[in-house]
Amino acid sequence: MLHYLTILVCCQLAGELIVTALKMPLPGPVLGMAILFAGLVVNGGVPDDLGKVADGLLVNLSLLFVPAGTGIMLHTGLLSRDLVPIAVSIVVSTIATIAVTAAIMSALSPPQPDGKDGRDA
Amino acid sequence: MRDLRDVWVYLSANPLLHLTLTLIAYRIGLAIYQRGGLNPMLNPVMIAVILLVSVLTMTGTSYQTYFEGAQFVHFLLGPATVALAVPLYRQLDAVKRSAAAVLASIAAGAATASITAVGVAYALGASRDTLVSLAPKSVTAPVAMGISEQLGGLPSLTAVLVMMTGILGAMLGPVIMNLMGIKNWAARGLAMGTTSHGIGTARAMQVNATAGAFAGLAMGINALATALLLPLVWRLVFGK
């Protein structure tokens, strides 16, 4: 397990180094994801224990956004200055983005191979 | 009483307290979310943030003090982002089959996100700082902050708008797509990742593995595309 956690962190570090050295407009971890993905393609599969480590982290992905989300308490002043435009803009834009992306992908996608209907909540 | 105050002084200066509070707040949020049958309106991140902001405000604790403990959780975002390669690889065949559709959908979604956000706020008279900070709001936080800075916005305001968009998309996305009758898991995941980056991806992953993989993919491509194109488009439209 520790072996694969080390691999994850190494991919992240490699991503950070490349992004910094080449001044790429990307966060290091996103490039790290691409590096690990390339590694999996070369390897031709996901080692079992890597799968377990990754699933363990991703099951709790929501938790990892809590500290950053709590940062909202720093910006009550900025937010209240433009409260109405910000609130309306975020609601309209979020609904529009979901609808446009889902509609286009759904129209262009082949039917689902497993035939199971997607519907959550 | 004096002993109790000593205990508080000791605890509040110790990162363990705020690390523990973060975990407990999330456990409460998660329990409510699960008790509610994963109802997207009971988003666990939103519940945890409301609990934490209330507790920190009531105890007069600064965000900086809080973050000294919470940073240990925050740090894991990096390795978790790298780990998204695993579900993506598991869906490699599905992604290959629909590569053109994936790129077209994300491009349309990314353009919609920026144009509608800036357009609506502009029509309602928002300040220039707000407009610039809103433009990259559907992009994962570290990239969005970089774009905002490059365009002369306020990166810290962008971070907050990104979190708000993430939580709102995770809450409204499933409801909107059910109303639209979108049943394809790839399409549902892609929309969640394009709109609501990691928070949408987390929600998609809780519901379906295919949706989760396409959401992670969408988050990455949206970040890349917006980082490359938004600054160019912004200069064309606004001159500077």
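In this text the structure is predicted, and so the values were computed from the model without any measurement.

**Q** Is there a simple way to explain the interface of chain B and chain A in this structure?
**A** Many authors give the size of an interface as the accessible area that is lost as the parts come together. Taken residue by residue, the interface counts 103 residues in chain B and 69 residues in chain A. If you tally residues by element for the side of chain B that touches chain A, the top one is helix α11 (residues 155-180) of chain B, at 17 residues. Grouping the amino acids of the side of chain B that touches chain A by side-chain chemistry returns 68 nonpolar, 30 polar and five charged.

**Q** Explain the confidence of the model for chain A to me, please; I cannot follow it from the model alone.
**A** Close inspection of predicted coordinates is inappropriate in any region flagged by low pLDDT. In this model, chain A carries a mean pLDDT of 88, and residues with pLDDT of at least 70 account for 91%. Averaged over each element, pLDDT in chain A is lowest for helix α5 (residues 76-81) of chain A (83) and highest for helix α6 (residues 83-108) of chain A (96).

**Q** Help me understand the environment of Arg-203 of chain B, please; the structure alone is not making it clear to me.
**A** Residue and element names in this part refer to chain B. Following the sequence through the fold, Arg-203 ends up in helix α12 (residues 185-207). The buried category is assigned to Arg-203, around which 33 C-beta atoms lie within 10 Å. Along the sequence, Arg-203 and Phe-67 sit 136 residues apart, while their C-alpha atoms lie 24 Å from each other. Setting aside anything within four residues of it in sequence, one finds Arg-203 in contact with Pro-40, Ala-170 and Met-192.

**Q** I'm lost on the domain arrangement of chain B in this one. Help?
**A** Residue and element names in this part refer to chain B. According to the domain assignment, chain B contains domain 1 (2-75) and domain 2 (81-238). In this complex, domain 1 contributes six residues to the contact, which on the side of domain 2 involves 10 residues. In terms of residue class, the side of domain 1 that touches domain 2 is made up of five nonpolar, one polar and no charged.

**Q** How should the domain arrangement of chain A be read in this particular structure?
**A** Partitioning chain A into structural domains gives domain 1 (1-59) and domain 2 (64-109). Computed from C-alpha coordinates alone, the two centres of domain 1 of chain A and domain 2 of chain A are separated by 28 Å.

**Q** Explanation requested: unusual backbone geometry in the structure shown.
**A** Peptide bonds are mostly trans, and most non-glycine residues show a negative phi. Residue and element names in this part refer to chain B. One non-glycine residue with positive phi stands out, namely Leu-38, at about 60°. For Leu-38, the location among the structural elements is in the loop between α2 (15-35) and α3 (44-59). One non-glycine residue with positive phi stands out, namely His-197, at about 35°. Structurally, His-197 is set in helix α12.

What counts, and at which threshold
Residues numbered from 1 in each chain as written. Chains lettered and ligands numbered in written order. Predicted model: local features only at pLDDT ≥ 70, side-chain atom pairs only at ≥ 80, totals over all residues. Contact = placed C-beta atoms within 7 Å. Helix = DSSP H or I, 4+ residues; strand = E, 2+ residues; numbered from the N terminus. Nonpolar A, V, L, I, M, F, W, Y, C, P; charged D, E, K, R; others polar. pLDDT = per-residue confidence, 0-100. Buried ≥ 20, exposed ≤ 12 C-beta atoms within 10 Å, placed from the backbone. Domains from an automatic or database assignment.

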